[in-house]
Amino acid sequence: MSNLTNGFARLHCAAGAMHVEKGHMQASGVPFLTFRRCAQPDILRLGSTSRFLGAKFDAVSQQRVKHRISAIRGSTLSCLQDDTTKYFDFVVIGSGVAGLRYALEVSKHGSVAIITKAEPHESNTMYAQGGVSAVLCPSDSVESHMNDTMVAGAYLCDEETVRVVCTEGPERVKELIAMGASFDHGEDGRLHLAREGGHSHNRIVHSADMTGREIERALLEAVDNDENISLFGHHFAIDLLTCQKNGEIYCYGVDSIDTETQKVVRFISKVTLLASGGAGHIYPTTTNPPVATGDGIAISHRAQAVISNMEFVQFHPTALSDEGLPIKPSKRRENAFLITEAVRGDGGILFNQSMERFMPFYDDRAELAPRDVVARSIDDQLKKRGEKYVLLDISHKPRDKVLAHFPNIAAECLRYGLDITRQPIPVVPAAHYMCGGVRAGLQGETNVKGLYVAGEVACTGLHGANRLASNSLLEALVFARRAVQPSIDHMVDADTDPSLAAKWARPMLPLSLRDSVLSDIIERTKQTRMELQSVMWEYVGIVRSTSRLKNAEWKIGDLESEWEEFLFGRGWKPTMVGIEACEMRNLFCCAKLVVQSALARRESRGLHFTEDFPYLEESKRKPTVIFPAAIQELTWSSKPLQRQLQCK
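What you see is a predicted model, and the numbers here were worked out from it, not measured in a lab. (Residues numbered from 1 in each chain as written. Predicted model: local features only at pLDDT ≥ 70, side-chain atom pairs only at ≥ 80, totals over all residues. Heavy atoms only, no water.)

**Considerations on the overall build of the protein chain**
Okay, so step 1: When helices and strands are counted, the protein chain shows 17 helices and 24 strands.
Okay, so step 2: Relative to its 648 residues, the protein chain shows a buried fraction of 63%.
Okay, so step 3: A separation threshold of at least 6 residues defines the contact pool for the protein chain, and within that pool the share at least 24 residues apart is 77%.
Okay, so step 4: Looking at the protein chain as shown, the accessible area adds up to about 24,500 Å², and 51% of this sits on carbon and sulfur atoms. (Helix = DSSP H or I, 4+ residues; strand = E, 2+ residues; numbered from the N terminus. Buried < 20%, exposed > 50% of the residue type's maximum accessible area, 1.4 Å probe, protein only. Contact = heavy atoms within 4.5 Å. Areas by Shrake-Rupley, 256 points an atom, 1.4 Å probe, with all protein chains shown as cover.)

**Quick look at the confidence of the model for the protein chain**
One rule of thumb: low pLDDT means the predicted coordinates there are not for detailed reading.
Okay, so step 1: Per-residue pLDDT for the protein chain has a mean of 86; in total, 85% of the residues score no lower than 70.
Okay, so step 2: Between residues 6–79, whose pLDDT stays under 50, and residues either more than four places distant or in other chains, the model counts 156 contacts. (pLDDT = per-residue confidence, 0-100.)

**Thoughts on the sheet that holds strand β8 (residues 204–205)**
Okay, so step 1: Pairing within the open sheet is antiparallel, and its 3 strands lie in the order β6-β8-β7. In this open sheet, the two edge strands, each paired with only one partner strand, are β6 (132–133) and β7 (193–194). (Pairing = 2+ DSSP bridges.)

**Quick notes on helix α14 (residues 484–493)**
Okay, so step 1: Of all 10 residues in α14, 8 are buried; the element is thus mostly enclosed.
Okay, so step 2: Considered for burial, the residues of α14 that qualify are V484, P486, S487, I488, D489, H490, M491 and V492.

**Quick notes on the packing of helix α5 (residues 159–178) against helix α13 (residues 471–482)**
Okay, so step 1: At a closest axis distance of 8 Å, the pairing of α5 and α13 adopts a crossing angle of 90 degrees. Considered as vectors, α5 and α13 are oriented roughly perpendicular to each other. Here T161, V164, V165, E168, G169, R172, E175 and L176 of α5 come into contact with α13, specifically with L474, E475, L477, V478, F479, R481 and R482. (Axes fitted to C-alpha atoms, helices over the stretch in contact; angles between N-to-C directions. Parallel < 35°, antiparallel > 145°, perpendicular 65-115°, else oblique.)

**A few points about helix α12 (residues 407–415)**
Okay, so step 1: Within the sequence span of α12, burial applies to N408, I409, A410, E412 and C413.
Okay, so step 2: Residues of α12 that are buried in the fold lie against α6 (211–224), β14 (313–320), α8 (341–345), α11 (399–405) and β17 (425–434).
Okay, so step 3: Just past α12, the residue G417 takes up positive phi, approximately 80 degrees.

**Re the environment of R514**
Okay, so step 1: Mapped onto the fold, R514 is located in the loop between α14 and α15 (515–539).
Okay, so step 2: Taking relative accessible area as the criterion, R514 reaches 60% and is therefore assigned exposed.
Okay, so step 3: Sequence-wise, R514 and R570 are 56 residues apart; in three dimensions their C-alpha atoms are separated by 9.9 Å.

**Looking at the pairing of strand β16 (residues 390–393)**
On a regular strand, one side chain projects to one face of the sheet and the next to the other, so that they alternate.
Okay, so step 1: Of the two faces of β16, the one carrying V390 and L392 and the one carrying L391 and D393 are both buried.
Okay, so step 2: Here strand β15 (residues 349–351) pairs with β16 via 3 bridges, running antiparallel. Its bridge partner lying in β16, F351 is registered against L391.

**Description of the nonpolar core**
Okay, so step 1: Among the nonpolar cores identified, the biggest contains 76 residues, and I93, F267, Y283, L532, M536, V540 and V594 are the most heavily contacted of them.
Okay, so step 2: In terms of residue count, the dominant contributor to this core is helix α17 (residues 579–600) (12 residues).
Okay, so step 3: In terms of nonpolar packing, the next biggest core, distinct from the first, is built from 52 residues, L100, I114, L220 and V478 among them. (Core = buried A, V, L, I, M, F, W, Y, C linked by side-chain atoms within 4.5 Å.)

**Here's the deal with the pairing of strand β10 (residues 235–245)**
Okay, so step 1: With 10 of 11 residues buried, β10 is to be regarded as a mostly interior element.
Okay, so step 2: In the sheet, β10 pairs with strand β11 (residues 248–258) via 9 bridges, with the strands oriented antiparallel. Note on β11: the bridge partner recorded for D239 is D255.
Okay, so step 3: The loop that links β10 with its antiparallel partner β11 comprises 2 residues; one of these, N246, has a positive phi angle of about 50 degrees.
Okay, so step 4: Looking at chain direction, β10 and strand β24 (residues 645–646) are connected through 2 bridges and run parallel. The residue bridging C243 from the neighbouring strand is L645, located in β24.

**Describing unusual backbone geometry**
Okay, so step 1: A positive phi angle, near 60 degrees, is found at N309, a position not held by glycine.
Okay, so step 2: Within the secondary structure, N309 is located in the loop between β13 (307–308) and β14.
Okay, so step 3: You will see that M355, though not glycine, has its phi angle at about 60 degrees, which is positive.
Okay, so step 4: As for its placement among the helices and strands, M355 is situated in the loop between β15 and α9 (359–362).

Following this line, the structure appears as structure tokens:
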């Protein structure tokens, strides 16, 4: 059962002393175990990074790979790990801005594995267009940024977290620049600071309309140059490996599927950082890449981590509507193309299809209102007028400036016959960002010892009931950095038993099932996924009601039961894993968390608007929290594949 609790109670992590011996970081209590040297040639997936960074970089990186493999060969005989079990000081799940930035810091103190679901660059960061918000202008102030964040978050934000992020943000941006990230500058040579909805000042650092891509490029290049970081592309996280000791839960790594070799690979670590992004694909239309299936939130929930504020799903007001394009795409997109907030910040105006401007009727801030207000306004227009999209017009601005500020958007629209310097852009709301997630303290710590979170998977209290534009990359940078020192302290003090790796039962691939059976299961899973997404959009969308939420709860429960019955009726075992099935169980898990949290909030605040309780209530200004003790369901999606061990 979900609860509303006062404030963001701080989660503490234990500090420990640092032991340095022969240049290697070691865990106290395990002086013989040094994970750092245990790298192997098969884990170097730098080819993926090279393709992303371009041909010029490729030649350099290939030479570096040869040197690294030569150096590794001499030490592999003494390593504990093999193809299916690997040992590291730190394991990072996710290769977006949060995971990469964290890895670059902790790699100075131990060995790091980054496991990522697809290619290393395929993350929500890559698709972030707008930029990073930070106070870098003399006329701006931390207090102003804090106030904008609190107002956008409907005053559900944790004030201490907001102050920390807004204060530390400028330094984090400067660090990115020092690492080689290139941002736009004005004619005066200073950083060009854009303005977006909800901001009272120009404070958005950006790289045209491809900021995330530029940050990802710079960080991946730095990771590739780091000898102590190993990238594992195409590794899907199945479940966290946990055990219980003295009433507390400890995390010792993660099981994964190597989707290229079709092997289950176990990563044993002293510290795990979860930076796996959000869960946009619980909805049929989302700006998130295909990898965003809520894996991190789901595996944390199953590991009994505290989850918070899952009802606050941000729908970006302006995703490109393919239906309104002159030339229709030949096939359905896996993720909607985002039209950045900065278009409205630069003077873009919203019209209905009769070319009537409508935002001033909904909010005095018009197009510069926060995202929740704009998304609900568009949704209202579409329902009232029976239309499929509205129009966002920036054509009244000088052509050269539009093309300079939004080259990616202009190019994408032109592919389908639309010139944004002459014609309005058809747009529609799409699922975009999870403001809720795994509950974290000020250092990214969770209630599970050794498990830290950063980025969209985390609920730090910054966003409250609605995220302010361009605060997501900022939060990821700040919390990735803040999680570093407590992670190092925990790593040094961790009492890691190498024999633990053999104590958890290993997940199995469905090799015993016939191909025809597997095909049936995959097909049924695809169908079930679309049905779940349809239920979420129809009953748990931008505007909600208690009856629709209860309907969703009932429909999702039935859908999950029918899907599991189909699987197990065809020989699937509870310990079996496959990427389609594992994604499906994670989508079910996250969808149920959203519905459960939405039913618990009996008011309308920020992104959660319900017709039965249409007003704010001061007494309800508390985060929604799902505690581990509330886990009573026995469905496959709600429990880990491995039994939780008792640690000595």
